[in-house]
Amino acid sequence: MKFIIIGAGFAGSVLAERIANTLNKKVLIIEKRNHIGGNCYDYKDRNGIIVHKYGPHLFHTDFKEVWDYLSNFTDWSIYHHKVLAFIDGKKVPIPFNFNTIEQLFPSTFAKKLQEKLLNRYQYGSKVPILELKKEKDEDLKFLANFVYEKVFKNYTAKQWNMKPEDIDPEVTARVPVFIGKDDRYFNDKYQAVPKEGYTKIFKNMLNNKNIKLLLNTDFKEVLQVDFEKKKIYFFGNEFKGKLIFTGMIDELFDYRFGKLPYRSLNLKFETIEKEYFQEVATVNYPNDYDFTRITEFKHIHPTKADKTTILKEYPKEYKENDIPYYPVFTKENRQKYNKYKELVQNFEQIIPIGRLADYRYYNMDDIIKRALDIFEEKIR
Ligand code: UDP
């Protein structure tokens, strides 16, 4: 055995597939959960609707390479994600765009705002809220404060327990103000849902005689790492191959520089006794309730059923045994992560990758791209 991979999410599964298929080498995947797919895992629930166990996952990418690669393992249903936000008693399109302006403000003022935005920014561009906040013009300042207060401030407080300006600007820039009338949540060239769900993609990727999968196994039960001598032991025997690690980097190093903070979620699924619950797949509630958003999966995977399944997301602080959904991006936490990164870089046998091991807020396509790149650079 030349390769051991910890974790069967996208990072681990793409690398396993590449190693098994193109190098014809044997791989062992060790996965703590009782299923493959990491947080992308989905299944058909009792209403016959495909739901995402760990929260909504919408595939979108501008990387043709990633799209082509995944297309080897699935057919697609074209789907463009739409999100509304409940603001001042109305459900309006998010990202905040020219349609949102028209729905919230009197028409003459809406026109004025649109004209000023068009004078200042290129049509079709994306302006992060923290950039818009720097505007000096009175009307644009009004707009920036409105969006900041009504869309970002309370949502970010719920999601991160922080002010928008205290978290890395990359985070709020994910949902910009859009200069134009495109109501879609993403503008990427490729946007779709896997026809039979994400889990099927993983099954297809891992269906290879070179890949062995050990589910329900915490890596610490079978692997010991001697960081001083830089040796890895698998069931007590020295392992000399590559260890591809997609778990929490701080856990791998026994938290020697302290714990890295993550945010977690309580996810509550509900069956609603009617055909549809809401207008689009996701409705954000920045200013009302304890949850951040409601997702109705029928909009993502159209299904004929009298009932519908919705999901409410309640953010919370990550504690031991919770699921570490999001790394908390701040300067201080990045510095701590960099210490772990330095250690792991000096341990040639270990290849860290993924949202948890790289402590990065990756989208699915970012992880797949990174796995394909790492395969070419470090493994092939
Ligand atoms: N955000 C917000 N209000 C919204 C939507 C997003 O304040 O209505 C901010 C919030 O800080 C959130 C970030 O933008 O964490 C990124 O949002 P995204 O929808 O990309 O989050 P994800 O789907 O990854 O949870």
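This one's a predicted model, so the numbers in the text were calculated from it and none came from an experiment.

## Quick look at the environment of aspartate 306
Part 1: As for its position among the elements, aspartate 306 is in the loop between β19 (293-296) and β20 (308-317).
Part 2: Residue classification places aspartate 306 among the exposed residues on the basis of a relative accessible area of 68%.
Part 3: As a C-alpha pair, aspartate 306 and lysine 274 span 32 residues in sequence and 5.8 Å in three-dimensional space.
Part 4: With residues up to four places along the chain from it excluded, the contact list for aspartate 306 reads Glu273, Lys274 and Glu275.

## Some details on the site of the ligand
Part 1: Close to the ligand lie 14 residues, the nearest being Trp160, Arg174, Tyr185, Tyr326 and Tyr361.
Part 2: At 2.9 Å, a backbone N or O of valine 151 approaches a nitrogen atom of the ligand.
Part 3: For the ligand, an oxygen atom lies 2.7 Å from a polar atom in the side chain of arginine 174.
Part 4: Computed on the free molecule, the ligand has an accessible area of 520 Å², of which 94% lies beneath the protein chains in the complex.
Part 5: Counting residues per element, the shell around the ligand draws most heavily on helix α6 (residues 138-160), at six residues.
Part 6: For the shell around the ligand, the residue count by class is nine nonpolar, three polar and two charged.

## Observations concerning the sheet that holds strand β18 (residues 282-284)
Part 1: Here seven strands make up an open sheet; going across it, the order is β8-β7-β18-β19-β20-β17-β21 and the pairing mixed. Both edges of this open sheet fall to β8 (90-94) and β21 (326-327), since each of them pairs with a single strand only.
Part 2: Note that β19 and β20 share three bridges and pair antiparallel. The residue of β20 that forms the bridge with threonine 295 is leucine 311.
Part 3: Lying over the sheet, α6 contacts β7 (83-87), β8, β17 (262-272), β18, β19, β20 and β21, oriented at roughly 100° with respect to β17.

## Points about the sheet that holds strand β5 (residues 59-61)
Sheet strands line up and pair through hydrogen bonds in the backbone, either parallel or antiparallel.
Part 1: Overall, antiparallel pairing links the three strands, which are arranged β5-β11-β6 in an open sheet. With one partner strand each, in any of the chains shown, β5 and β6 (76-78) form the two edges of the open sheet. Across the sheet, the axes of successive neighbouring strands diverge by a mean angle of 40°, strand direction being ignored.
Part 2: Relative to strand β11 (residues 190-194), β5 is paired through three bridges, and the arrangement is antiparallel. What sits directly across from phenylalanine 59, in β11, is alanine 192.

## Here's the deal with the packing of helix α1 (residues 10-22) against helix α12 (residues 364-379)
Part 1: Between α1 and α12, the least distance of the axes is 9 Å, while the angle of their chain directions is 40°. When the interaxial angle is binned, α1 and α12 end up oblique. Viewed along their axes, α1 and α12 form a crossing whose handedness is right-handed. Note on element contacts: α12 touches α1 through Met364, Ile367, Ile368, Ala371, Leu372, Ile374, Phe375 and Ile379, opposite Phe10, Ala11, Val14, Leu15, Arg18, Ile19 and Thr22.
Part 2: Looking at the contact of α1 with α12, its residues break down into 13 nonpolar, one polar and one charged.

## With respect to the layout of surface pockets
Part 1: Roughly 410 Å³ of internal volume is contained in the second largest pocket.
Part 2: Along the walls of the second largest pocket sit 21 residues, with Lys341, Gln345, Pro352, Arg370 and Lys378 positioned nearest its centre.
Part 3: Among the secondary structure elements, those contributing two or more residues to the lining of the second largest pocket are α11 (331-345), β22 (350-352) and α12.
Part 4: Here the lining of the second largest pocket takes six residues from α11, the largest share from any one element.
Part 5: By residue class, the composition of the lining of the second largest pocket is 11 nonpolar, two polar and eight charged.

## Let's talk about the packing of aromatic side chains
Any two aromatic rings considered together are summarised by their centre-to-centre distance and by the angle between their planes.
Part 1: Evaluation of the coordinates by the stated rule reveals 32 aromatic pairs.
Part 2: Ring centres 4.5 Å apart and planes at 40° place the aromatic pair phenylalanine 10 and phenylalanine 202 in the tilted group. Taken together, the positions of phenylalanine 10 in helix α1 and phenylalanine 202 in helix α8 (residues 198-206) put the pair 192 residues apart, joining distant regions of the chain. Per residue, the accessibility class of phenylalanine 10 equals that of phenylalanine 202, and both read buried.
Part 3: A centroid spacing of 5.4 Å and a plane angle of 75° characterise the contact between tyrosine 262 and tyrosine 318, whose relative ring orientation is edge-to-face. Here the residue tyrosine 262 occupies a position in strand β17, and tyrosine 318 occupies one in the loop between β20 and β21, the gap between them amounting to 56 residues.
Part 4: For tyrosine 262, a relative accessible area of 3% puts it in the buried group.
Part 5: The class of tyrosine 318 is buried, set by a relative accessible area of 17%.
Part 6: Three or more aromatic residues joined by ring pairs form one cluster here, namely Phe86, Tyr285, Tyr289, Phe291 and Tyr314.

Thresholds, definitions, all that
- Residues numbered from 1 in each chain as written.
- Predicted model: local features only at pLDDT ≥ 70, side-chain atom pairs only at ≥ 80, totals over all residues.
- Heavy atoms only, no water.
- Helix = DSSP H or I, 4+ residues; strand = E, 2+ residues; numbered from the N terminus.
- Buried < 20%, exposed > 50% of the residue type's maximum accessible area, 1.4 Å probe, protein only.
- Contact = heavy atoms within 4.5 Å.
- Near = heavy atom within 4 Å.
- Polar contact = N/O pair within 3.5 Å; in protein donor to acceptor, adjacent residues only side chain to side chain.
- Areas by Shrake-Rupley, 256 points an atom, 1.4 Å probe, with all protein chains shown as cover.
- Nonpolar A, V, L, I, M, F, W, Y, C, P; charged D, E, K, R; others polar.
- Pairing = 2+ DSSP bridges.
- Axes fitted to C-alpha atoms, helices over the stretch in contact; angles between N-to-C directions.
- Parallel < 35°, antiparallel > 145°, perpendicular 65-115°, else oblique.
- Left-handed = near helix turned anticlockwise from the far one by under 90°.
- 1 Å grid on protein atoms, 1.4 Å probe; cavity = no way out; pocket = protein on both sides within 12 Å on 5 of 7 lines; lining within 4 Å.
- Points joined across faces, edges and corners; volume = space filled by probe spheres on them.
- Phe/Tyr/Trp six-rings, centres within 6.5 Å; stacked < 30°, edge-to-face > 60°.

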